[in-house]
Amino acid sequence: MLLEALEWLVTPCPWTARWDGSLARQIAIRHRHHRCRAAWADHLARSRSQVQKCQNRLAGGLMVVLGSGHLNDVPAPPSGFRSVLVDLVHPVEIQIAAACSRGRLVLETADVFEVSSRLQSVIAAADFCVSAGLLSQLALDPRSGPGPGTAALHWKLLSSARHSLLITDVAARSHPGEAWDPLFDSSALPEPCAEWIWPLIPDGESPQGPQERLVRAFQH
Ligand SMILES: C[S@@+](CC[C@H](N)C(=O)[O-])C[C@H]1O[C@@H](n2cnc3c(N)ncnc32)[C@H](O)[C@@H]1O
């Protein structure tokens, strides 16, 4: 708790990120990741491997990562790539990595729910755009209405890049064997290229009980 408070105080970010809770949520993800490291390992490895497969098919160029956060589920861009990391708030360790990257890693603090024309042009210029672990958050945003709107718009945005990869949790359930509860209307998305289960909340992590998520990857 003390560490989280200290990180909240020292992370450089817009005041809105402190006020609306996005910095606190960002910091909480680091600590939850630490506690759930073993349970999340398979999910993070699968997610990283999907990104790596796409990276290997490209010689390099501009890579844009939407909802980059701590880069837990996206591997650091290999040499040959310049990267733009887009998030509401960038964790302090990513800010340090960017400052030491000699311009290879550029941070863009932006809202992917209401995409500015500047962000649209950054994505349209990208050779490869990745969105990992972001769409379910956009779909649960109070600004999001019912229906396929949020998923459709996000997929359209990603598809403006030369190549793109969307990795998102699409459904939740409390126990293995139960029916999946969709997190949002994903009917606008194409056939997934991969699918796996993520034990997001393992036994003992929350008083509300465990929760697993169905994760899918989509490629363009
Ligand atoms: C579940 S985390 C996934 C993080 C990241 N992919 C990782 O590996 O750590 C979702 C990320 O999306 C960011 N995010 C949530 N809503 C956003 C929005 N409207 N615009 C931009 N980023 C957003 C959060 O700040 C967080 O870093």
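In this numbering scheme, every chain counts its residues from 1 along its sequence in written order. Local features are withheld for residues below a pLDDT of 70 in this predicted model, meaning they are given only at 70 or higher, and side-chain atom pairs are given and counted only at 80 or more; totals for whole chains, interfaces and linings count all residues.

Lay out the overall build of the protein chain in plain terms, naming residues and giving numbers.
Every helix listed is a DSSP run of H or I at least four residues long, and every strand listed is a run of E at least two residues long, numbered separately from the N terminus. Of the regular secondary structure elements, the protein chain holds 8 helices and 8 strands. As a reference, a globule follows 2.2 Å times the number of residues to the power 0.38, and the radius of gyration itself is taken over C-alpha atoms. For 220 residues, the compact-globule formula gives about 17 Å, and the C-alpha radius of gyration of the protein chain, at 17 Å, lands near that figure. Overall size of the protein chain, expressed as C-alpha extent along the three principal axes, is 45 × 45 × 35 Å. When burial is assessed residue by residue, the protein chain has 31% of its 220 residues classed as buried. A residue pair is marked as a contact if its C-beta atoms, positioned from the backbone, fall within 7 Å. Sequence separation of 24 or more characterises 61% of the internal contacts of the protein chain that already satisfy a separation of 6 or more. Three exposure classes are used. Buried residues have 20 or more other C-beta atoms within 10 Å of their own C-beta, exposed residues have 12 or fewer, and partly exposed residues fall in between, all C-beta atoms being placed from the backbone.

Talk me through the site of the ligand; I want residue IDs and the actual numbers.
Only the C-beta atom, placed from the backbone, is used; a residue is near a molecule or strand if that atom lies within 6 Å of it. Inspection of the region around the ligand gives 22 residues, with Gly67, Gly69, Asn72, Val112 and Gly133 positioned closest. The set of elements that each furnish at least two residues to the shell around the ligand consists of α3 (22–35) and α7 (135–139). If you tally residues by element for the shell around the ligand, the top one is α3, at 3 residues. Basically, the charged four are Asp, Glu, Lys and Arg, the nonpolar ten are Ala, Val, Leu, Ile, Met, Phe, Trp, Tyr, Cys and Pro, and anything else, Gly included, counts as polar. Residues belonging to the shell around the ligand are distributed by class as follows: 10 nonpolar, 9 polar and 3 charged.

Describe the environment of arginine 173, with residues and values.
Of note, arginine 173 is situated in strand β5 (residues 163–173). Along the backbone, arginine 173 and leucine 214 are 41 residues apart, and their C-alpha atoms lie at a distance of 8.4 Å. Ignoring sequence-local partners within four residues, the contact set of arginine 173 consists of Glu178, Ala179, Trp180, Asp181 and Glu212.

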